[in-house]
Amino acid sequence: MGRGYAVEQAVEAYLSKLGATHACPVSGLLIGQSSSQRDYVIMASRTPPREGSASTAGKSLDKEWVAEHARQVSRMLPGGLAVLGVFMISDADAKDTVATLSQLVFAVENLISSEYLWNPADDDITDCVTLHVNPKTRKTICRTFDVKNPKSMAKLADWKYHSGVCSSWSMVSCCVNVDMLVPLPGNGSAAEILDAFLKEGLKEWARQIQHGICLFEGKTLPDDTELLAGQKRNRQTFTVQLLISPDDQSLSDVVQQCGGSVSVRGAIHSRAYLHSNKSKVRLAEKLLKRDVLSTVAARVQMLLEELLMSEEGEGGGGGGGGSRGKHQTAADTFALPRRIFCPVSSCGPVCVCDYQFSDEAKAEATDRLKEMLDIDVAEEHLDTSQESPAQILERGAAAELTVGPVEALEPKRSKCVGVAMATAVALLATAASMLYLSDI
């Protein structure tokens, strides 16, 4: 027998409803948290129909679309939550679904992990779950695959439903100041330059985050300390400070030809959920740091996708209003989205998140939550208090946002030859981000 899975009772009701109301096959994602002992599944989310595709009542599943759904959902999960695997509802024999589910779970894991800014840890769980549900016989078969082993064979796993799986989970949160500078070359399209060089800059910044020091309630604690040691309550919320110092290796002068720079500055809200009242400091630090990396990378990537669409459509409307739908011109300003949270009614204190651009209403966030996670939420239940909306500032309105020659920014990581295109992305005091673009 493989791993054990403790599954929220609401997941059973959700899968039963899907089997009764949708034509087979139906696929989707299983969301929760892994641990060394067993995994916790707190949500299941159906993969939405692909726009422009034929009826979903087919005999095969679109693994590329399932993987893309998983990639977008993974951006909506705070620290401690992850896509643990996939499910399929069909009236086929369970033995005939093994190959399909294997392909799905490997495609999902490969795409999601391609966006990670961190290296795997020795204690990371590499088993992912697949679930087949037959709506006629109501039989459920759970199997796992080691997704880091391409030749992994399916292992049967224990799948049991419980109530209140995450009702007593703890949460750690922090506000992190971001200050990242990336030099840019002077050739190529603006969107392509930003895409390639920001990814490299994020990787370097990620190393600083991973080497940062976490203070729990103002104190450093040994890695093996239990967070709730001595606490009388089953659940505790911890405020963490993440202290970051520049990487010594990054301070050496590197001369390179460039046409500008991109700067990410400001602060973001980050949080992570912990499944056990015996969770160690080591786990809390790992999950919180990974959330810091994920939330910044997700926002930057969302903007890059908008810019690439705008550049490809040049003049045809890149989607969305305000600053996002414009083709890049001199001194354009682009605001990155702020993070908002949505409580999951069946999951106790646990929330998922979304990202709201400055020109979007709350209704657009609730629509995305419905489409991506298949959850209904009223606008008034969205928590928009953690980050303030980014505000577009005029040039020179704040010293740290002034767009000027590259030398004026005094990059610590490299000395850039040339001035010209100066680009800035600013995260303003627990706010979303901004991008200032000034062409040569």
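Analysis parameters
Residues numbered from 1 in each chain as written. Predicted model: local features only at pLDDT ≥ 70, side-chain atom pairs only at ≥ 80, totals over all residues. Heavy atoms only, no water. Helix = DSSP H or I, 4+ residues; strand = E, 2+ residues; numbered from the N terminus. Buried < 20%, exposed > 50% of the residue type's maximum accessible area, 1.4 Å probe, protein only. Contact = heavy atoms within 4.5 Å. Areas by Shrake-Rupley, 256 points an atom, 1.4 Å probe, with all protein chains shown as cover. Expected span 1.5 Å × (residues − 1). Arc of directions from axis to C-beta. Pairing = 2+ DSSP bridges. Axes fitted to C-alpha atoms, helices over the stretch in contact; angles between N-to-C directions. Patch = residues over 30% accessible without salt bridge, like charges linked within 9 Å, V, L, I, M, F, W, Y side chains within 5 Å. Salt bridge = Lys/Arg side-chain N within 4 Å of Asp/Glu carboxyl O. Lys, Arg positive; Asp, Glu negative; His and termini not counted. Charge placed at Lys NZ, Arg CZ, Asp CG, Glu CD. Polar contact = N/O pair within 3.5 Å; in protein donor to acceptor, adjacent residues only side chain to side chain. Core = buried A, V, L, I, M, F, W, Y, C linked by side-chain atoms within 4.5 Å. pLDDT = per-residue confidence, 0-100. Phe/Tyr/Trp six-rings, centres within 6.5 Å; stacked < 30°, edge-to-face > 60°.

Caption draft 1: How the structure looks around the overall build of the protein. In terms of helices and strands, the protein carries six helices and 19 strands. Residues counted as buried form 51% of the 440 residues belonging to the protein. Long-range pairs, those at least 24 residues apart, make up 74% of the contacts in the protein between residues at least 6 apart in sequence. When the accessible surface of the protein is split by element, carbon and sulfur atoms take 49% of a total near 20200 Å².

Caption draft 2: Structural detail: helix 6 (residues 362–373). Here helix 6 is twelve residues long and its end C-alpha atoms lie 16 Å apart, about the 16 Å a rise of 1.5 Å per residue gives. Taken residue by residue, helix 6 has Ala365, Thr366, Leu369, Met372 and Leu373 as its buried positions. Projection of helix 6 onto a plane perpendicular to its axis shows the buried side chains occupying an angular sector of 140°, all on one side. Looking at the buried positions of helix 6, the neighbouring elements they touch are strand 2 (26–33), strand 3 (39–46), helix 2 (63–75), strand 15 (338–343) and strand 16 (351–356). Two residues or fewer past helix 6, Asp374 is found with a positive phi of approximately 55°.

Caption draft 3: Highlighting the sheet that holds strand 7 (residues 155–156). The strand order across the open sheet built from eight strands is 7-6-5-4-2-3-1-8, with neighbouring strands paired in mixed fashion. Only two strands of the sheet have a single neighbouring strand rather than two, namely strand 7 and strand 8 (158–162). In the sheet, strand 4 (residues 82–89) pairs with strand 5 (residues 127–134) via five bridges, with the strands oriented parallel. The residue of strand 5 that forms the bridge with Val86 is Thr130. Lying over the sheet, helix 6 contacts strand 2 and strand 3, oriented at roughly 110° with respect to strand 3.

Caption draft 4: Here's a closer look at a negative patch on the surface. On the surface, Glu51, Glu364, Asp367, Glu371, Glu379 and Glu380 cluster together into a negatively charged patch. Looking at the secondary structure, you find Glu364 in helix 6. For Glu364, a relative accessible area of 34% gives the class partly exposed.

Caption draft 5: The arrangement of helix 2 in detail. Over its 13 residues, helix 2 runs 19 Å from end to end, which matches the ideal 18 Å to within 8%, given 1.5 Å per residue. Of the residues making up helix 2, those classed as buried are Trp65, Val66, Ala67, Glu68, His69, Ala70, Arg71, Val73 and Arg75. The distance from a side-chain oxygen at the start of helix 2 to the backbone nitrogen of Glu64 is 3.2 Å, and the residue carrying that oxygen is Asp62.

Caption draft 6: Representation of the nonpolar core within the structure. By size, the foremost hydrophobic cluster in this structure holds 50 residues, and its most contacted members are Ile42, Met43, Val352, Leu369 and Leu373. Ranked by residues supplied to this core, first place goes to helix 3 (residues 98–113) with six residues. Setting aside residues up to four positions removed in sequence, Leu373 forms contacts with Ile31, Met43, Ala44, Ser45, Val73, Met76, Val352 and Arg368. Core analysis: the next-biggest nonpolar cluster, separate from the first, contains 40 residues, Trp118, Leu194, Val281 and Ala297 among them.

Caption draft 7: How the structure looks around the pattern of salt bridges. In this structure the tally under the stated criterion is 21 salt bridges. A salt bridge links Lys136 to Asp91; its shortest N-O distance comes to 3.6 Å. Highlighted residues: Lys136 in the loop between strand 5 and strand 6 (139–146) and Asp91 in the loop between strand 4 and helix 3, separated in sequence by 45 residues. Linking Lys370 and Asp376 is a salt bridge whose minimum nitrogen-to-oxygen distance equals 3.5 Å.

Caption draft 8: Layout of the confidence of the model for the protein. Taken residue by residue, the protein gives an average pLDDT of 80. The fraction at 70 or more is 75%. A low-confidence stretch, residues 316–323 (pLDDT under 50), is modelled with 14 contacts involving residues beyond four sequence positions or located in other chains. A low-confidence stretch, residues 325–332 stays under pLDDT 50, and its non-local contacts, those more than four residues away or across chains, total 28 contacts.

Caption draft 9: Looking closely at the packing of aromatic side chains. Counting across every chain of the model gives five aromatic pairs. A ring pair is formed by Tyr5 and Trp159, whose centres lie 6.1 Å apart and whose planes are at 35°; its orientation type is tilted. Remark: Trp159 occurs in strand 8 and Tyr5 occurs in strand 1 (residues 4–8); sequence separation between them is 154 residues. A relative accessible area of 12% places Trp159 in the buried class. Taken together, a centroid distance of 6.3 Å and an interplanar angle of 85° make the contact between Tyr40 and Trp169 edge-to-face. Of this pair, Tyr40 sits in strand 3 while Trp169 sits in the loop between strand 8 and strand 9 (170–184), placing them 129 residues apart in sequence. Take Trp169: its relative accessible area is 1%, and that puts it in the buried class.

Caption draft 10: Focus on the pairing of strand 1. Taken across its five residues, strand 1 has five buried, putting it largely inside the fold. Alternating residues of strand 1 divide into Gly4, Ala6 and Glu8 and Tyr5 and Val7, and every residue in both groups is buried. Pairing geometry for strand 1 and strand 8, over five bridges, is parallel. Residue pairing for strand 8: Glu8 is matched across the bridge by His162. Pairing between strand 1 and strand 3: three bridges, direction parallel. Opposite Ala6, over in strand 3, you have Tyr40 as the bridge partner.

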